[in-house]
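Structural characterization, general
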Amino acid sequence: MTDEAPHAHDVITMGRVSVDIYPQQTGPLEDVTTFSKSVGGSATNVAIAAARHGADAAVITRTGDDPFGRYIARTLPEFGVANTFVETVAGLNTPVAFCEVFPPDDFPLYFYRAPKAPDLMITTKSLPLHEIERARVFWTTVTGLSEEPSRSAHHAALRARSEAELARGMYTVLDLDYRAMFWSNPAAATREVAVALEHATVAVGNREECEVAVGETDPVRAADALLERGVEVAIVKQGPKGVLAKTRDEVVEFRPHTIDVVNGLGSGDGFGGALVHGLLQGWSLDRTLAFANAAGAIVATRFECSTAMPTSDEIEQFLQENPVQPTKEDVDA
């Protein structure tokens, strides 16, 4: 007999999935001779990264009914991520993504999602709303707001989180993961993000994404604008200048770690999974940010994304060997 009671996951993410086809040599793709494949897509990678820290994780997404879709469904449990909410969409192909590797800071991405990606076919009716309401952390990305029916489904999921009586230690995270190729123009993204922010308790994005979301690129002003929209924690990633987090009571900033970059793609997802871990553990803002900052740095020293996500022990060892002190200040009332 099947137990129909909803399962309270530590974290449920919702959104993009793909198979990443990564070159095994640096330089232009036309010169690359060998590739490897791995599970990819921002929301999926965050679930994988969180699972590496022991979280009970699941992802809500869609694939094609094809070999790559079967590969994703088979591989997710191997990473510790439940595939219960992964469904197939007839007539659409599982997306693939290629990247080029030009260290230390140029990693072009090529998305193959035409005519439409299955993960944009998530419908409101298909949502596991009881599980979404009960998850300790629910993580969505801006990409899911770019097209219907995914847009309505994401807004419905976020409303469900707002309407549920979230206990202390429960969070709704909006990843400002803006990618121009998924939108007709930035203004359309700004409109959708404005609605989504009303339901989020944590927002995280880089300076360019913050500009689309709230019209600010200065880290402090961007964080303030996000807090004004109602989030409790605003995190602004600054690339080579580090990362800043702000609440209504505290500001914490970390410089970046000095590393030899192999592939910067996936660093943000590693950061996200580590951020989820810190939230679940109830850590202080500075400890959470230090942990996430180190996770992103570690992923950047590795070639792929999902397979590159570090364990908690690896991050703690890295922090011991590469200590970075935060800049902290209280916010005047």
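Residues numbered from 1 in each chain as written. Predicted model: local features only at pLDDT ≥ 70, side-chain atom pairs only at ≥ 80, totals over all residues. Heavy atoms only, no water.

Where an unreviewed UniProt entry is consulted, the protein appears under the name 5-dehydro-2-deoxygluconokinase, with the organism given as Curtobacterium citreum. In its Sequence similarities (unreviewed entry) section, UniProt records this for the protein: "Belongs to the carbohydrate kinase PfkB family." (UniProt positions renumbered as here; feature names shortened; annotations may be inferred.)

1. Topic: the overall build of the protein
In terms of helices and strands, the protein carries 10 helices and 15 strands. Here the C-alpha radius of gyration of the protein, 19 Å, is about what a compact globule of 333 residues would show, namely 20 Å. With respect to the principal axes defined by its C-alpha atoms, the protein has extents near 55 × 50 × 45 Å. Out of the 333 residues belonging to the protein, those deemed buried represent 56%. (Helix = DSSP H or I, 4+ residues; strand = E, 2+ residues; numbered from the N terminus. Rg over C-alpha atoms; globule rule 2.2 N^0.38 Å. Buried < 20%, exposed > 50% of the residue type's maximum accessible area, 1.4 Å probe, protein only.)

2. Things to note about the pattern of salt bridges
Under the counting rule described, the total for this entry stands at 12 salt bridges. In this structure, the salt-bridge partner of arginine 151 is glutamate 148, at a minimum N-O distance of 3.8 Å. Here arginine 179 ties to aspartate 177 by a salt bridge, and the two come within 3.4 Å at their closest N and O atoms. By sharing partners, the salt bridges in this structure join Arg16, Asp177 and Arg179 into a single network. (Salt bridge = Lys/Arg side-chain N within 4 Å of Asp/Glu carboxyl O.)

3. Digging into the environment of leucine 244
When you line up the elements, leucine 244 lands in strand E13 (residues 243-246). Spatially, the C-alpha atoms of leucine 244 and serine 36 are 34 Å apart, while their sequence positions differ by 208 residues. Leave out the neighbours within four places in its chain, and leucine 244 touches Pro219, Val220, Ala223, Ala234, Ile235, Val236, Gln238, Val251, Val252, Glu253 and Leu289. (Contact = heavy atoms within 4.5 Å.)

4. Brief notes about unusual backbone geometry
Excluding glycine, residues mostly carry a negative phi; peptide bonds, for their part, are mostly trans. A cis amide bond links proline 103 with the next residue in sequence, proline 104, at an omega value of 10 degrees. Along the chain, the position of proline 104 falls in the loop between strand E7 (96-99) and strand E8 (109-112). Look at the link from glutamate 148 to proline 149: it is a cis peptide, with omega at 0 degrees. You can see proline 149 is positioned in the loop between strand E9 (137-141) and helix H4 (150-163).

5. Side note on helix H9 (residues 285-300)
In an α-helix, one full turn covers 3.6 residues, which means residues spaced three or four apart are oriented alike. Spanning 16 residues, H9 covers 23 Å between terminal C-alpha atoms, matching the ideal 22 Å at 1.5 Å per step. In terms of burial, H9 is a largely internal element, 15 of the 16 residues being buried. (Expected span 1.5 Å × (residues − 1).)

6. Points about the packing of H9 against helix H10 (residues 312-321)
Packing of H9 against H10 leaves a shortest axis separation of 9 Å and a crossing angle of 100 degrees. When the axes of H9 and H10 are compared, the pair comes out roughly perpendicular. Across the interface between the two elements, Arg287, Ala290, Phe291, Ala294, Ala295, Ala297 and Ile298 of H9 pack against Ser312, Glu314, Ile315, Glu316, Phe318 and Leu319 of H10. Residue composition of the contact of H9 with H10, by class: nine nonpolar, one polar and three charged. (Axes fitted to C-alpha atoms, helices over the stretch in contact; angles between N-to-C directions. Parallel < 35°, antiparallel > 145°, perpendicular 65-115°, else oblique. Nonpolar A, V, L, I, M, F, W, Y, C, P; charged D, E, K, R; others polar.)

7. A short note on the packing of helix H1 (residues 42-52) against helix H8 (residues 267-281)
Where H1 meets H8, the closest approach of the two axes is 7 Å, and the angle between their N-to-C directions is 50 degrees. Taken together, the axis directions place H1 and H8 in an arrangement best described as oblique. Considering only the axes of H1 and H8, their crossing is right-handed. Of the residues in H8, those in contact with Ser42, Asn45, Val46, Ala49 and Ala50 of H1 are Asp269, Gly270, Gly272, Gly273 and Val276. Across the contact of H1 with H8, the residue classes tally to four nonpolar, five polar and one charged. (Left-handed = near helix turned anticlockwise from the far one by under 90°.)

8. So, the sheet that holds strand E3 (residues 35-40)
Pairing between the strands of a sheet is mediated by backbone hydrogen bonds and can be parallel or antiparallel. Read across the sheet, four strands follow the order E3-E2-E7-E8 without closing on themselves; strand pairing throughout is mixed. Each edge of the open sheet carries a strand with a single partner, namely E3 and E8. Each adjacent strand pair in this sheet contributes to an overall mean axis angle of 25 degrees, direction not counted. Relative to E3, strand E2 (residues 18-23) is paired through six bridges, and the arrangement is antiparallel. Considered in E3, the bridge of serine 18 is made with glycine 40. (Pairing = 2+ DSSP bridges.)

9. Re the packing of aromatic side chains
The description of an aromatic ring pair uses the distance of the two centres, along with the angle that the planes make with each other. Tallying each qualifying case throughout the model produces four aromatic pairs. Ring centres of phenylalanine 35 and phenylalanine 98 lie 6.0 Å apart, and the angle between their planes is 90 degrees; on these two criteria the pair is classed as edge-to-face. Here the residue phenylalanine 35 occupies a position in strand E3, and phenylalanine 98 occupies one in strand E7, the gap between them amounting to 63 residues. Considering the side-chain rings of phenylalanine 98 and tyrosine 112, the 5.6 Å spacing of their centres and the 75 degrees angle between planes classify their relative orientation as edge-to-face. With phenylalanine 98 in strand E7 and tyrosine 112 in strand E8, the pair connects residues that are 14 residues apart, well separated along the chain. Here phenylalanine 98 falls in the partly exposed class, since its relative accessible area comes to 21%. Three or more aromatic residues link up through ring pairs in this structure, and these residues are Phe35, Phe98 and Tyr112. Over the aromatic face of phenylalanine 271 sits the side chain of lysine 237, whose NZ or CZ is 5.5 Å from the ring centroid. (Phe/Tyr/Trp six-rings, centres within 6.5 Å; stacked < 30°, edge-to-face > 60°. Lys NZ or Arg CZ within 6 Å of the ring centre and 35° of its normal.)

10. Examining the UniProt feature "domain: Carbohydrate kinase PfkB" (unreviewed entry) in the protein
Residues given the UniProt feature "domain: Carbohydrate kinase PfkB" (unreviewed entry) here are residues 9-311. Regarding residues 9-311, the helix share stands at 34% and the strand share at 22%, and the terminal C-alpha atoms are separated by 19 Å.

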